[in-house]
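Structural features, examined
Okay, here's what each chain looks like letter by letter:
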Amino acid sequence: MAAYGLYTHIASNKFRSMLLLAGLFLLIYVLVYAGALVAEVMIDSNRTVDYYLRHASRNLVSAFPWATLAAVAWIVIAYFFHQNMIDAVTGGESVTRQQQPRLYNLLENLCISRGIPMPKLKIMDSPALNAFAAGLNPRQYSITVTTGLLNALNDQEIEAVLGHELTHIKNGDVQLMVIAVIIAGAVGFFGEMFFRVFTNLSWNSSGGSWSSSSSSRSSSSDRDSKGSGGGAIIVIIIAVVLILLAWLLSQVVKLALSRSREFLADAGSVELTKNPDAMITALRKIENRGELEGATSAVMELCVDNPREGFADLFATHPSVQSRVDALVKYAGGRDPGPLALPDETSDEPGPQDQLPGQGDQPPPIKHGPWGDAPPAPAGNPPALPGTNPQQGPLGPLRGPWGRHLR
């Protein structure tokens, strides 16, 4: 379903969510079939490929209700407890207006301005600069912000980040990502289980059979051991391929969310705050500083920025900060200051303690006037006294209206 605007994009996300749920069951059944192939080989390793495929299909039909029940139970657990799982990994804690008045008021103002229900607000104690939204329904929606982000960003930049996360909630991206995490988690769990079973198998070359490493079991047959053993090897290879294919498809499902959702969230933030420059500077400060220590890849995929490098970038769900900034400059009219250094990273630059007395109170000199360059200040003249014209010295006017010296 193509999305051409806000409402069609939300409808498209809901449609894709249903496809992802269907994909969950399909991938689970693929893994169950792979497990049935491995089980058949363990039971009797002296059969043909056709025998293993037929019996594994029968086992899949028999296991169909149990596999469906396990998948439904996984979804129910994730639906009700996914936020608790995320909080357990990140250490996020809910805060009130009294605890975080600055952050709470910024989020509340954005929600009131657009009639959006107020999500729960959580704080994660981490020096990383990041934030993420989670939840599957309005009662579960929450936005988590790190303490590092609060300390490094000003109010306008924090408001832009909150607008980014609110747009994810409005567009249904949060639901889509949580469902994708459920799919990847289920497939990863069953895939690892079957892989452990497979790694415990060892091939007996003399008897042409497979046996468990924990218990040695051999079987004999009048058939050609080379032919029967070859069939078992082929079936094991098929099972491994199916397991790997299911895992890769689960990753593709997450990539199917499309990186455009981050561009749309940035655009939604600008639409909420009317401040593209704040979103740009927020991204520049977050750039390469968003890695949450101890967080899983599933949590990082929910964040404002998920830094990836090298080969891992092939599976990244976030576009680069540079491409997002370029889009804001091109379509929102923002200004890119380039990579920004945080105050604690610029120790070589003079800080407030290095300034001369009163130096910090003076406004910056005006370099450009409305009709061109401002005239340079006369050399040797003392600074203007408070309340006097800058063109007037202590003994009277120094310049006339046309630039002549008046004596």
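Because the structure is predicted, anything quoted here is derived from the model rather than measured.

**Details of the overall build of the protein chain**
- Of the regular secondary structure elements, the protein chain holds 11 helices and 10 strands.
- Sorting the 407 residues of the protein chain into buried and exposed places 43% on the buried side.
- The long-range fraction of contacts in the protein chain, counting pairs at least 24 apart against all pairs at least 6 apart in sequence, stands at 68%.
- When the accessible surface of the protein chain is split by element, carbon and sulfur atoms take 61% of a total near 22700 Å².

**A short note on the pattern of salt bridges**
- Applying the stated rule across the entire model yields 13 salt bridges.
- Linking Arg324 and Asp266 is a salt bridge whose minimum nitrogen-to-oxygen distance equals 2.9 Å. On the criterion of sequence distance, the pair formed by Arg324 in helix H11 (residues 321-332) and Asp266 in helix H8 (residues 260-273) is long-range, its members being 58 residues apart. Each member of the pair, Arg324 as well as Asp266, is classed as buried.
- Between Asp336 and Arg284 there is a salt bridge, and its shortest N-O distance comes to 2.8 Å. One end of the pair, Asp336, is in the loop between H11 and strand E7 (368-369); the other, Arg284, is in helix H9 (residues 276-286), and 52 residues separate them in sequence.
- For Asp336, a relative accessible area of 33% corresponds to the partly exposed category.

**Brief notes about the packing of aromatic side chains**
- Here the structure, examined in full by the defined rule, presents two aromatic pairs.
- Their ring planes at 25° and their centres at 4.7 Å tell us that Tyr29 and Phe64 sit as a pair that is stacked. Note that Tyr29 is positioned in helix H1 (residues 6-43) and Phe64 in helix H2 (residues 49-90), a separation of 35 residues in sequence.
- When its relative accessible area of 15% is taken as the criterion, Tyr29 is described as buried.
- Taking relative accessible area as the criterion, Phe64 reaches 41% and is therefore assigned partly exposed.

**Some remarks on the layout of surface pockets**
- The space that makes up the second largest pocket amounts to roughly 390 Å³.
- Considering the residues around the second largest pocket, the lining is formed by 15 residues, among which Ala78, His82, Met85, Val181 and Ala298 are closest to the centre.
- Taken together, the elements giving at least two residues each to the lining of the second largest pocket come down to H2, helix H6 (173-199) and helix H10 (297-300).
- Looking at the lining of the second largest pocket element by element, the count peaks at seven residues for H2.
- When its residues are assigned to classes, the lining of the second largest pocket shows 12 nonpolar, three polar and no charged.

**A word on the nonpolar core**
- In terms of nonpolar packing, the biggest core is built from 75 residues, with Val145 and Leu162 touching the most fellow members.
- Considering every element that reaches this core, the biggest residue donor is H1, with 11 residues.
- Counting residues in hydrophobic clusters, the runner-up holds 12 residues, among them Phe132, Ala134, Met177 and Leu302.

**Looking at the side chain of Glu157**
- Mapped onto the secondary structure, Glu157 falls in helix H5 (residues 155-171).
- Side chain to side chain, Glu157 and Lys285 meet in a polar contact 3.0 Å long.
- In contact with Glu157, other than residues within four places in its own chain, are Ala152, Ala278, Thr281, Ala282 and Lys285.

**Some points on H11**
- Between its first and last C-alpha atoms H11 spans 15 Å; for 12 residues at 1.5 Å apiece the expected length is 16 Å, and the two agree.
- Along H11, the residues classified as buried are Val321, Arg324, Val325 and Leu328. All buried residues of H11 fall inside an arc of 100° around its axis, so they share one side. Turned more than 90 degrees away from the buried face of H11, the exposed residues are Lys330 and Tyr331.

**Things to note about unusual backbone geometry**
- Positive phi values are uncommon outside glycine, yet Lys274 reaches one of about 60°.
- When you line up the elements, Lys274 lands in the loop between H8 and H9.
- With a phi angle near 65°, Asn288 is a residue other than glycine that sits in the positive phi range.

**Focus: the pairing of strand E3 (residues 131-134)**
- The alternating pattern of E3 places Ala131 and Ala133 and Phe132 and Ala134 on opposite faces, both of which are buried.
- In the sheet, E3 pairs with strand E4 (residues 142-146) via four bridges, with the strands oriented antiparallel. Paired with Phe132 across the two strands is Thr144, which belongs to E4.

**Structural notes on H5**
- Given a rise of 1.5 Å per residue, 17 residues ought to cover 24 Å, and the 24 Å separating the end C-alpha atoms of H5 matches this to within 8%.
- Within H5, 13 of the 17 residues are buried, which leaves the element mostly enclosed by the surrounding structure.
- Phi turns positive, to about 80°, at Gly172, one or two residues after H5.

Rules used throughout
- Note on numbering: residues in each chain are counted from 1, in written sequence order.
- Residue-level local features of this predicted model are given only where pLDDT is at least 70; pairs of side-chain atoms are given and counted only at 80 or more, and the full residue set underlies all totals for whole chains, interfaces and linings.
- Excluding hydrogens and water, the side-chain figures rest on all heavy atoms present in the structure.
- Strands are runs of DSSP state E lasting at least two residues, helices are runs of H or I lasting at least four, and both sets are numbered from the N terminus onward.
- For the exposure calls, accessible area comes from a 1.4 Å probe over protein chains only, and a residue counts as buried if that area is under 20% of its type's maximum, exposed if over 50%, partly exposed in between.
- Whether two residues are in contact is decided by their heavy atoms, any of which lying within 4.5 Å being enough.
- Only the protein chains shown count as cover for residues, and the accessible areas themselves come from Shrake-Rupley with a 1.4 Å probe.
- Each reported salt bridge corresponds to a side-chain nitrogen of Lys or Arg within 4 Å of a carboxyl oxygen of Asp or Glu.
- Here a pair means two rings of Phe, Tyr or Trp (six-membered ring of Trp) with centres within 6.5 Å. Their orientation is stacked below 30 degrees between planes, edge-to-face above 60, and tilted elsewhere.
- Definitions used throughout: a 1 Å grid over protein atoms alone; a cavity as a set of points that fits a 1.4 Å probe which cannot get out; a pocket as an open set with protein on both sides within 12 Å along at least five of seven lines; a lining residue as one with an atom within 4 Å of a point.
- Grid points are joined across faces, edges and corners, and a volume is the space filled by probe spheres set on the points.
- All residues other than Ala, Val, Leu, Ile, Met, Phe, Trp, Tyr, Cys, Pro, Asp, Glu, Lys and Arg, Gly among them, are scored as polar; the first ten of these are nonpolar and the last four charged.
- Residue types Ala, Val, Leu, Ile, Met, Phe, Trp, Tyr and Cys, when buried and joined through side-chain atoms within 4.5 Å, form a set referred to as a nonpolar core.
- Between N or O atoms, a polar contact is any pair within 3.5 Å; within protein, one atom must be a potential hydrogen donor and the other a potential acceptor, and residues adjacent in sequence are included only when both atoms are from side chains.
- Working rule for helices: expected span equals 1.5 Å times residues minus one.
- The arc in question is traced by the directions running from the helix axis to the C-beta atoms.
- We treat two strands as partners when DSSP finds at least two bridges between them.

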